[in-house]
Amino acid sequence: MLEVRDLEAGYGDAQALFGISLSVNAGELVTLVGANGAGKTTTLRAIAGICRPAHGSLLFEGKPLNAVPAHHRAALGIALVPEGRELWPQLTVLENLELGAFERGARSRRTQSLEKVFELFPVLKERAKQLAGSMSGGEQQMVAIGRALMSRPRLLMMDEPSLGLAPVMVTHMFAIIRRLHAEGLTILLVEQNLSRALEIADRGYVIETGKVSLTGTAEELLTNPAVRTAYLGI
Ligand code: ATP
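The text that follows walks through the structure, step by step, so that each part is easy to find. (Residues numbered from 1 in each chain as written. Predicted model: local features only at pLDDT ≥ 70, side-chain atom pairs only at ≥ 80, totals over all residues. Heavy atoms only, no water.)

What follows concerns the packing of helix 7 (residues 137-150) against helix 8 (residues 167-182). One way to put it is that helix 7 packs onto helix 8 with a least axis distance of 10 Å and a crossing angle of 15°. On the basis of the axis angle, helix 7 is roughly parallel to helix 8. Handedness of the crossing formed by helix 7 with helix 8: right-handed. Contacts from G138, Q141, M142, I145 and L149 of helix 7 reach helix 8 at M169, H172, M173 and L180. (Axes fitted to C-alpha atoms, helices over the stretch in contact; angles between N-to-C directions. Helix = DSSP H or I, 4+ residues; strand = E, 2+ residues; numbered from the N terminus. Parallel < 35°, antiparallel > 145°, perpendicular 65-115°, else oblique. Left-handed = near helix turned anticlockwise from the far one by under 90°. Contact = heavy atoms within 4.5 Å.)

See below:
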């Protein structure tokens, strides 16, 4: 579904990615793991079209993405739940969700999508009229995921969805991701919580200083001695 080849990108003169190659097959849950600043967020931003690659190619369902602007990528079925959520705090939960369905195709299926989001996160239905900025961190993360789902994505990218959440909410978040995957959604997940990410993922890529240092099935990575030492402290 997604093919990233030799991706190089950065910020001004500061190069962050030095030739990342990865793929995500339809229906897979793939996780990108690695230390702070390794380049995981930049990789997702380049796929979403927010950050322009200096080199390399991106293919989505066989079509080249490089020249496609970010909003068209959303229409093609690529959604990003950004790090830090980036909600509109002064708008209600419902308004935030509806803004996810701005593309024509998604707009026509808005009612149906909203029902699905409310079924997944019943608390958002109860709090639909509440300002998003007044919700708890975990609830705001639900709004951010819900907003992405409103665009009817075929590839859902999530950047650190468990970051800063209370432990019970982290468990809830991973259960939601597992459920979305079980329902057939293709997911690319960036997580610091490597052991939990690999528990639910099919495959993973370890990113170090802007390069893929290791890749394998979740099982292979979880049992890899280098991964266990560097990232699990075992
Ligand atoms: P984190 O978990 O901390 O978000 P990450 O693996 O997602 O880490 P990136 O955020 O992609 O890493 O950062 C990769 C490199 O790019 C780092 O060296 C970082 O300092 C740099 N970088 C990220 N965002 C910017 C920016 N807006 N301007 C300049 N440099 C940036």
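Back to the write-up after that little detour.
The next subject is unusual backbone geometry. Note: most peptide bonds trans; most residues except glycine with negative phi. Phi is positive for D6, which is not a glycine, with a value near 55°. On the secondary structure map, D6 appears in strand 1 (residues 2-11). Here E160, not a glycine, exhibits a phi torsion of approximately 50°, which is positive. Within the secondary structure, E160 sits in the loop between strand 7 (155-159) and helix 8.

A few words on the pairing of strand 9 (residues 203-208). Along a regular strand, successive side chains alternate from one face of the sheet to the other. Burial of strand 9 is extensive: 5 of the 6 residues sit out of reach of the surface. Where strand 3 (residues 29-33) and strand 9 come together, 4 bridges link them in parallel fashion. Within strand 9, the position partnered with V30 by the bridge is R203. Pairing of strand 9 with strand 10 (residues 211-217) involves 6 bridges; the strand directions are antiparallel. Residue pairing for strand 10: I207 is matched across the bridge by V212. The antiparallel pairing of strand 9 with strand 10 creates a hairpin that spans 2 residues between the two strands, and T209 there sits at a positive phi of about 35°. (Buried < 20%, exposed > 50% of the residue type's maximum accessible area, 1.4 Å probe, protein only. Pairing = 2+ DSSP bridges.)

Side chains of nonpolar character tend, in soluble globular proteins, to be buried together. Ranked by internal contacts, the top residues of the largest apolar core, which has 48 residues, are L124, L156, L180, I187 and L189. Counting the residues that make up this core, at least three belong to each of domain 1 (1-77 + 155-161 + 186-234) and domain 2 (80-153). Discounting chain neighbours no more than four positions away, the residues touching I187 are V24, E28, L29, V30, L156, M158, I177, L180 and H181. Of all hydrophobic cores here, the second largest spans 27 residues; its members include L2, A38, L188 and Y205. (Core = buried A, V, L, I, M, F, W, Y, C linked by side-chain atoms within 4.5 Å. Domains from an automatic or database assignment.)

Next up on the list: the site of the ligand. Taken together, 13 residues surround the ligand, and among them G37, G39, K40, T41 and T42 come closest. Within the side chain of N36, an N or O atom sits 3.2 Å from an oxygen atom of the ligand. Residue G39 places a main-chain N or O atom 2.8 Å away from an oxygen atom belonging to the ligand. If the ligand stood free it would expose 630 Å²; the protein chains cover 60% of that surface. Class assignment for the residues of the shell around the ligand results in 4 nonpolar, 6 polar and 3 charged. (Near = heavy atom within 4 Å. Polar contact = N/O pair within 3.5 Å; in protein donor to acceptor, adjacent residues only side chain to side chain. Areas by Shrake-Rupley, 256 points an atom, 1.4 Å probe, with all protein chains shown as cover. Nonpolar A, V, L, I, M, F, W, Y, C, P; charged D, E, K, R; others polar.)

Of the residues making up helix 5 (residues 110-120), those classed as buried are S113, L114, V117, F118 and L120. Burial along helix 5 is one-sided: seen end-on, the buried residues are contained in an arc of 160°. Along helix 5, exposed side chains directed more than 90 degrees from the buried face belong to T111 and E115. For helix 5, the secondary structure elements touched by its buried residues are helix 3 (93-99), helix 6 (122-126), helix 7 and helix 8. (Arc of directions from axis to C-beta.)

The next thing to look at is the pairing of strand 4 (residues 55-60). With 5 bridges joining them, strand 1 and strand 4 adopt antiparallel strand pairing. Looking across to strand 4, one finds that E8 is bridged to H55. Note: strand 4 against strand 5 (residues 63-64), 2 bridges, orientation antiparallel. Each residue of the ladder has a partner; that of L59, found in strand 5, is P64.

Strand order in the open sheet formed by 4 strands is 2-1-4-5, with antiparallel pairing between adjacent strands. Whereas interior strands pair on both sides, the edge strands pair on one side only; in this sheet they are strand 2 (14-24) and strand 5. Each of strand 1, strand 2 and strand 4 is contacted by helix 1 (residues 40-48), which is oriented at about 110° to strand 1, the strand it contacts most.

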